[in-house]
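Given next are the chains, with one letter for each unit.
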Amino acid sequence: MTAQSGVVGLAPPSKLNFQYQRGGGRETLFPLEKQANHPRTDLLLPLLVNERKVNRLFLRMDLFRKAILHPGHPQEFALQTVQQAIRPQKQVKLVQDENQLLENILRTLLQELVSAAVQSGEAIMKYGESIADSDIYLGQIPRLLDIVLYLCEKEHIEGGMIFQLLEDLTEMSTMRNCEDIFGYIESKQDILGKPELFARGKLVMLRTCNQLLRRLSKANDVVFCGRIIMFLAHFFPLSERSAVNIKGVFNTSNETEYEKEPPEGSSIDFNFYKTFWSLQEFFSNPSSLIPAITKWHKFTSSLTVVLNTFEAQPLSDEDGNAINLEDEASSFSIKYLTSSNLMGLELKDPSFRRHILVQCLILFDYLKAPGKNDKDLPSETMKEEIKSCEERVKKLLEMIPPKGKEFLRSIEHILERERNWVWWKRDGCPPFERQPIDKKLVQDGNRKRRPRWRLGNKELSQLWKWADQNPNALTDPQRVRTPSIMDYWKPLAEDMDESAGIEEEYHHKNNRVYCWKGLRFSARQDLEGFSRFTEHGIEGVVPFELLPPEVRCKYQAKPGDRSKRAKKEDTKGSVQQVEESQIATPASEIDVDGNKIDPDASAAAAPADADATAAASVNLSQGGTPTPDEHQKLQNSDTDAGGLEAGQIEAEPGMIDGDTTDADVDLDVVT
């Protein structure tokens, strides 16, 4: 075996010949020259057989070397190469032993290509790259990976083989070469993410990416780390439990180092400097604030000092315009510098202030997060302090130029989505995908009987059962609470207010159940409003006290109209009383003078006087004042018709002559 630059490769059989010898429970390799003088001549035949196996291995590798140099698509020659090298039992799919043999061949070939690339000094992914006739041919290693990926995609070989080769390749490469390798992985992520390949290689790919992240520097290789994390987010589904922090563990190892002693000649307030950077200790581990009251008091006092400083030194629009957000994004660093000499400049930086204030909002959002145990929830005093501090932080974010309000809305939207993620994680990360429900055709003979309920449906039966278990529930006076008319019609009155800007389709008048209940309440508590339903509809039932002046005038009647309507209703009531008295009077009655009236005579006189009574009634119903002759005729007809009581006859002139009284009543109603 040969080792160069830390990479182990196998030399061709012509340069180095190997033999197997069993010893110590494993197989070891020895050159043939050392086996020639071996005292055990009975082991010579097995050693020669093993030599043939090694030679056959190199012959099979030669077949794949030729396939790598083939310019066509892997579909044209990949399967034929595997059939020549392995000679499988099945023509298009390898069994387990054959897959293991092919994997050993490919891993050995990959190791040899990496060793050759290191010796040549070229980049691994560009080794063997050539340009001929304006066509660019890929390097040998990408070509080998393409062939294996095609075979895995078509299920000719085991699907996890391509992931194993990628893991070996990243382990044998430097970080500069790993960036090129990962670029190849990103270009093939749609194929690698297919279900037939993803199920076989997701754990290997996760292990490969995690190893790369451990080797990278979080401070210097921020972009590369972000590419790996974005690939994992695309490669794994949203409901993958390994991609989320289920337990909510914080990275407490990320400590912010700052100066503990003031430097000589410093012109800044060093106490403020230490107070400011001490907040990072609480930001890195928010869960430590709730159980320790002393820590919470220390945090709030330090935060108050910082917020007071931000409020006392607001930033102007010039400070905001001096910062180019696009240039800042290109030179973004994962952490700010903590030198005391830079404190004055950092306080004038809008992005620096936003960074600190957003950290405060994230911490407050964590403390208010739902679903915790009682011991992990903040107390009432802590909730009030959190609310007041949060309001101050949001006001400061609005004041920071440029586009402070837009920035605050974006942060609030992000935090709102984060709360949904918190709920999802605490529910056990249920999958977002829902499998379609297959509607099975049920035969007529096997139809499932519908359940029969005692009171017709499930809800009523449960309500009845609940009432049996709680006999005092139905007799509780607090069970039924009828709202007042003012409270009930208040939502509809708000809909009728044009200044509210509520669209027509969202008005309560479109809710038929709401209108029906309201009419029942008005019929019991507000007859005057209930009477307006026939003229103005459901909106006319709303009490005038709830309506604004411009809307009230549409539904409030004029004084003259209401006076006429009152006279009409009173006249109808008096005529109705006359008719009821005529029906209720027995056959033998006493007239005004106290004499009995003959029923036959009354019956004969009734048709003759009916026309005069009807005419007088019509005249009264139209709201006109009767003349003295008409009034006399009305009295005579009533007396001849059957003799009303004296009180009833005397009440009618008062109703007729009481126009002034009705007008006064109408005016009182208006005022």
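Data block above holds the structure.
Parameters and conventions
- Residues numbered from 1 in each chain as written.
- Predicted model: local features only at pLDDT ≥ 70, side-chain atom pairs only at ≥ 80, totals over all residues.
- Heavy atoms only, no water.
- Salt bridge = Lys/Arg side-chain N within 4 Å of Asp/Glu carboxyl O.
- Helix = DSSP H or I, 4+ residues; strand = E, 2+ residues; numbered from the N terminus.
- Buried < 20%, exposed > 50% of the residue type's maximum accessible area, 1.4 Å probe, protein only.
- Axes fitted to C-alpha atoms, helices over the stretch in contact; angles between N-to-C directions.
- Parallel < 35°, antiparallel > 145°, perpendicular 65-115°, else oblique.
- Left-handed = near helix turned anticlockwise from the far one by under 90°.
- Contact = heavy atoms within 4.5 Å.
- Phe/Tyr/Trp six-rings, centres within 6.5 Å; stacked < 30°, edge-to-face > 60°.
- 1 Å grid on protein atoms, 1.4 Å probe; cavity = no way out; pocket = protein on both sides within 12 Å on 5 of 7 lines; lining within 4 Å.
- Points joined across faces, edges and corners; volume = space filled by probe spheres on them.
- Nonpolar A, V, L, I, M, F, W, Y, C, P; charged D, E, K, R; others polar.

A. Representation of the pattern of salt bridges within the structure. By the definition in use, this model includes 19 salt bridges. Of the charged contacts, one joins K188 and D146 as a salt bridge, the two residues approaching to 3.8 Å between their closest N and O atoms. Of this pair, K188 sits in the loop between α7 (175-187) and α8 (189-192) while D146 sits in helix α5 (residues 140-153); the two residues are 42 residues apart in sequence, bridging distant segments of the chain. By relative accessible area, which is 14% here, D146 ends up buried. Taking the shortest distance from any N to any O, the salt bridge between K383 and E380 comes out at 3.9 Å. Highlighted residues: K383 and E380, both in helix α17 (residues 380-399), separated by three residues, approximately one helical turn. E380 gets classed as exposed once you look at its relative accessible area, which sits at 56%.

B. Region of the structure containing the packing of α7 against helix α10 (residues 222-235). Relative orientation of the contacting elements α7 and α10 amounts to 30°, with a least axis distance of 11 Å. Here α7 is positioned roughly parallel relative to α10, judged by the angle of their axes. When you trace α7 past α10, the crossing you get is left-handed. Listed contacts from α10 to M175, C178, E179, F182, G183, I185 and E186 of α7 are F224, R227, I228 and F231.

C. Just the packing of aromatic side chains, in detail. For the structure shown, the criterion picks out 23 aromatic pairs. Geometrically, the ring pair formed by F198 and F236 is edge-to-face, given 5.6 Å between the ring centres and 75° between the ring planes. In this pair, F198 sits in helix α9 (residues 195-215) while F236 sits in the loop between α10 and α11 (270-284), placing the two residues 38 residues apart along the sequence. With a relative accessible area of 7%, F236 lands in the buried category. Centre to centre, the rings of W296 and F299 are 5.8 Å apart; their planes meet at 40°, and the pair counts as tilted. Highlighted residues: W296 and F299, both in helix α12 (residues 293-312), separated by three residues, approximately one helical turn. A single burial state applies to W296 and to F299, both of which are buried. Three or more aromatic residues joined by ring pairs form one cluster here, namely F163, F182, F198, F224, F231, F235 and F236.

D. Structural context of empty space enclosed by the protein. Inspection of the entire model under this criterion finds one cavity of 30 Å³ or more. As a volume, the largest cavity reaches approximately 70 Å³. What lines the largest cavity is F310, P314, L315, R353, L357, L396, M399 and I400. When contributions to the lining of the largest cavity are tallied by element, the ones reaching two or more residues are α16 (350-367) and α17. Split into classes, the residues belonging to the lining of the largest cavity amount to seven nonpolar, no polar and one charged.

The values are spatial; any link to function lies outside them.
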